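These are the residues of each chain, in order.
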Amino acid sequence: MTDGKRRRGLTVASALLGGVLVLSACSGGGDDASGGDGGNNDTTQAKVDEAAAEKTSEAQIAITPKDGSNNASINNSATVKVTKGTLTNVKMTTSDGTAVAGEISADKTSWQPSVQLERATTYRLTATAEDSEGRAAHENASFTTVSPSNSFIGNFTPDDGTTVGVGMPVSINFDKAITNKAAVQKGITVSTTSGQEVACHWFNANRMDCRPEEYWQEDSTVTLKLALDGVEGAEGVYGVQQKTVTFKIGRNQVTYVDAKTKQMKVTQDGKTVRTIPISAGAPENKTYEGQMVISEKFKETRMNGATVGFTDDDGKGEYDIKDVPHAMRLTTSGTFIHGNYWGDPSVFGNVNTSHGCVGLQDKKGAGDPNMPGAWFYDNSLIGDVVVVQNTGDKTVAPDNGLNGWNMDWAQWKAGSAV
């Protein structure tokens, strides 16, 4: 037998002997189970465990979420913490090996990713820590974040950091139907430095708007907080947003359009700053009445009648103007207040000729700042109010655009889920 074979044989025998002793220690029985040595044999299970414990790091690593978790948050998952020790290395990757950036805290007791996680993605975490004796501890975990089909988000307006008009509501459109409206609404708060009471109203399962009883106070600041991470909006469908948005309310500008006099009065703080002749909807295509909020602004845009139901016998639009200047949206259904270069100047202030929009005299190309259409565009904010009167048509629906001001306060509050 060679020396190599002899050593391997001794090793196997030693392992077998150790195995017999371990099995003997686990087998129970009377006093003889100690092997007749009074329990002082260093190879008993108790001694083995004690020796192992002395060599084990005291550092305790905790990874959130637990290994194997599904539907994990994309905001609060992937936290690593250690007690009785300090972190020396943390590595996080996606299932395909792509590294995820993160940082260990200054005191080396915690770690978290420095980027937001993606939905429907499996992540792996490997963490190492040391105790005061320099002994290493290791922990591993794998989890999968919530999938798009099992999560919802709310697309909101206005945007963070913007300045808007006094009529701008907070409007949230959810990408999934919400059945647990109370839970979702409780996760959303809207407050203002003016101290005005703010109430929220559900128009349907996907849309909730929030506003005060009267227009926002000028120069105030409004804060929207979305604390929806983990909120169950419908069975098996959870929120993922955790966000704070602030926007500022600008000067108080409200414009009054009178389709009977065919004049438009622009007011700021209740004082008229300019009167502009207009042309509203023709008798056969009256303009909606009511309080409307400017929701979009386009220096130039295309307007095709076919998109809003105005078609000829051939199915083409009754009009198709590819460069309408200074257009500002008032309703989702297609009502705008905009510049008009194709109408005779004599129309404005005298005849209502449009398909339902409010037209102001303007120039082709939107390049003349002295035209009424350009002036109003330049002096208007998203969120400014345009009140249309004396058209003979019905009042615009509160959910047709950002036009919830056409609902009285009692009705508005009745649409709250909390």
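Residues numbered from 1 in each chain as written. Predicted model: local features only at pLDDT ≥ 70, side-chain atom pairs only at ≥ 80, totals over all residues. Heavy atoms only, no water.

(A) Local environment of the sheet that holds strand 12 (residues 188-192). An order of 10-18-15-12 is seen for the 4 strands of this open sheet, with the pairing classed as mixed. Here the strands that pair on one side only, and so sit at the sheet edges, are strand 10 (163-164) and strand 12. Judged from the 5 bridges that link them, strand 12 and strand 15 (residues 221-227) form a sheet pairing that is antiparallel. Bridging from a neighbouring strand, Thr 189 pairs with Lys 225 of strand 15. (Pairing = 2+ DSSP bridges. Helix = DSSP H or I, 4+ residues; strand = E, 2+ residues; numbered from the N terminus.)

(B) Seen up close, the environment of Thr 275. Here Thr 275 lies in strand 21 (residues 271-277). In this structure Thr 275 comes out as partly exposed when scored by relative accessible area, which is 46%. C-alpha separation for the pair Thr 275 and Gln 263, spaced 12 residues apart in sequence, amounts to 6.7 Å. (Buried < 20%, exposed > 50% of the residue type's maximum accessible area, 1.4 Å probe, protein only.)

(C) Representation of the sheet that holds strand 24 (residues 320-329). Here we have 4 strands laid out as an open sheet, ordered 23-24-25-26, and mixed in their pairing. Here the strands that pair on one side only, and so sit at the sheet edges, are strand 23 (296-304) and strand 26 (358-361). For this sheet, the mean inter-axis angle between neighbouring strands, taken without regard to orientation, is 40 degrees. In terms of strand pairing, strand 24 meets strand 25 (residues 336-340) through 2 bridges, oriented antiparallel. Within strand 25, the residue paired with Arg 329 across the bridge is Phe 336. (Axes fitted to C-alpha atoms, helices over the stretch in contact; angles between N-to-C directions.)

(D) Region of the structure containing the packing of aromatic side chains. Taken as a whole and judged by the stated rule, the model has 6 aromatic pairs. Aromatic pair Tyr 215 and Trp 405: ring centres 4.9 Å apart, planes at 80 degrees, arrangement edge-to-face. Remark: Trp 405 occurs in the loop between strand 27 (385-389) and helix 5 (409-414) and Tyr 215 occurs in the loop between strand 14 (207-212) and strand 15; sequence separation between them is 190 residues. Between Tyr 341 and Trp 342, the aromatic rings sit 5.0 Å apart at their centres with planes inclined by 85 degrees, giving edge-to-face as the arrangement. (Phe/Tyr/Trp six-rings, centres within 6.5 Å; stacked < 30°, edge-to-face > 60°.)

(E) How the structure looks around unusual backbone geometry. Of note, the bond from Thr 64 into Pro 65 is cis; its omega dihedral lies within 30 degrees of zero at 0 degrees. Inspection of the secondary structure puts Pro 65 in the loop between strand 1 (60-64) and strand 2 (79-83). Residue Pro 158 follows Thr 157 across a cis peptide bond; omega there is 5 degrees. Mapped onto the elements of the fold, Pro 158 is located in the loop between strand 9 (154-157) and strand 10. Its identity as a non-glycine residue notwithstanding, Asp 219 has a phi of 65 degrees, on the positive side. Looking at the secondary structure, you find Asp 219 in the loop between strand 14 and strand 15. Residues other than glycine seldom take positive phi values, yet Asp 269 does so here, at roughly 55 degrees. For Asp 269, the position within the fold is in the loop between strand 20 (263-268) and strand 21.

(F) Layout of the nonpolar core. If you look at the biggest cluster of nonpolar residues, it comprises 30 residues, and the most contacted ones within it are Ile 172, Phe 174, Val 184, Ile 188, Met 208 and Leu 224. Counting only elements with at least two residues in this core, the list comes to strand 11 (170-174), strand 12, strand 13 (198-202), strand 14, strand 15 and strand 18 (242-249). Other than its neighbours up to four places away in sequence, Phe 174 contacts Phe 152, Ile 153, Gly 154, Val 184, Ile 188, Trp 202, Asn 206, Met 208 and Leu 228. Counting 23 residues, the second largest nonpolar core, distinct from the first, contains Met 92, Val 100, Leu 117 and Ala 141. (Core = buried A, V, L, I, M, F, W, Y, C linked by side-chain atoms within 4.5 Å. Contact = heavy atoms within 4.5 Å.)

(G) Summary view of the environment of Lys 181. Of note, Lys 181 is situated in helix 3 (residues 181-186). Between the C-alpha atom of Lys 181 and that of Asn 204, which follows or precedes it by 23 residues, the distance is 10.0 Å. For Lys 181, the residues in contact, after removing those within four places along its chain, are Trp 202, Asn 204, Ala 205 and Ala 417.

(H) Structural view of the environment of Ala 78. For Ala 78, the position within the fold is in the loop between strand 1 and strand 2. For the pair Ala 78 and Met 92, spaced 14 residues apart in sequence, the C-alpha to C-alpha distance is 8.4 Å. Excluding residues within four positions of it along the chain, Ala 78 makes contact with Thr 64, Pro 65, Met 92, Trp 111, Gln 112, Pro 113, Leu 117, Leu 125 and Phe 143.

(I) Focus on the confidence of the model for the protein. For the protein, the mean per-residue pLDDT works out to 88, and 83% of the residues sit at or above 70. A low-confidence stretch, residues 1-39 stays under pLDDT 50, and its non-local contacts, those more than four residues away or across chains, total 8 contacts. (pLDDT = per-residue confidence, 0-100.)

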